[in-house]
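Analysis of the macromolecular model
What follows is each chain in one-letter form.
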Amino acid sequence: MHRAALLALLCMLAAPISGFAFERSDGTIVHCEVTRDGESRVVHEVWLGHGDLGDRHPALGGAAAVVRPGADGWPVIFFDSVVFRAMLASDPHMSDFIFYHECAHAQDPKRDEIEANCEAYLELDKLGVLTPERLDALASTHKKMLRLPSRYGGSGEIFWERTLSCVKSRRDIGLR
Ligand SMILES: [Zn+2]
């Protein structure tokens, strides 16, 4: 290969991959849409990190994904591609859940972690993909996170418990 071409290829590999669509674990391409002041836009997604597992991207602060305002003020979802690659192999349901969790933050920046999880649950349920097996898998993936920052309730167990009680209260008031 020509040296310049090789260099260009290497640069491409090193640069974050970005786009406007997310491939769910079932192969369905979805996107996250936000509306502000009557204007709707598809959220830009940026995939960071190409190292080995454990080499978490510093921009993500150790999270698998985060939402941050982009240069134009609209939200951008940043994903850790290393973490997601491993997750797709072991807990594919979780990568879908995280996409909807981040989308919930993007759609309303005031949502806290419990509310974002609650939205992700309700969205997946609405899509009809929350089978009992998937719910069990989601619960156990959450419970594997023994320690979490306090905004997540301090542990995965409490995080999931609070998510479920949020879902229940949303249903009690008949929102979905
Ligand atoms: Zn969150």
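To be clear, the structure that these remarks concern was listed above.
The paragraphs below set out a description of the structure included in this document. (Residues numbered from 1 in each chain as written. Predicted model: local features only at pLDDT ≥ 70, side-chain atom pairs only at ≥ 80, totals over all residues.)

Points about the nonpolar core
If you look at the biggest cluster of nonpolar residues, it comprises 26 residues, and the most contacted ones within it are Ile 77, Phe 97, Tyr 100, Cys 103, Ala 106 and Ala 120. Within the residue set of this core, elements represented by two or more residues are β7 (65-69), β8 (75-80), α2 (81-90), α3 (92-107) and α4 (113-126). For this core, the leading source of residues is α3, giving eight residues. (Core = buried A, V, L, I, M, F, W, Y, C linked by C-beta atoms within 7 Å. Buried ≥ 20, exposed ≤ 12 C-beta atoms within 10 Å, placed from the backbone. Helix = DSSP H or I, 4+ residues; strand = E, 2+ residues; numbered from the N terminus.)

Let's talk about the packing of helix α5 (residues 132-143) against helix α6 (residues 156-172)
At a minimum axis separation of 7 Å, α5 and α6 run at an interaxial angle of 140°. By the angle between their directions, the pair α5 and α6 is classed as oblique. Touching Ala 139, His 142 and Lys 143 of α5 are Gly 156, Glu 157, Phe 159 and Trp 160, all from α6. Taken together, the residues of the contact of α5 with α6 break down into three nonpolar, two polar and two charged. (Axes fitted to C-alpha atoms, helices over the stretch in contact; angles between N-to-C directions. Parallel < 35°, antiparallel > 145°, perpendicular 65-115°, else oblique. Contact = placed C-beta atoms within 7 Å. Nonpolar A, V, L, I, M, F, W, Y, C, P; charged D, E, K, R; others polar.)

Examining the pairing of strand β6 (residues 44-48)
Of the pairings in the sheet, the one linking strand β1 (residues 17-19) to β6 comprises three bridges and is antiparallel in character. Looking across to β6, one finds that Gly 19 is bridged to Glu 45. Here β6 runs beside β8; their pairing, made up of five bridges, is parallel. Within the sheet, the bridge partner assigned to His 44 lies in β8 and is Val 76. (Pairing = 2+ DSSP bridges.)

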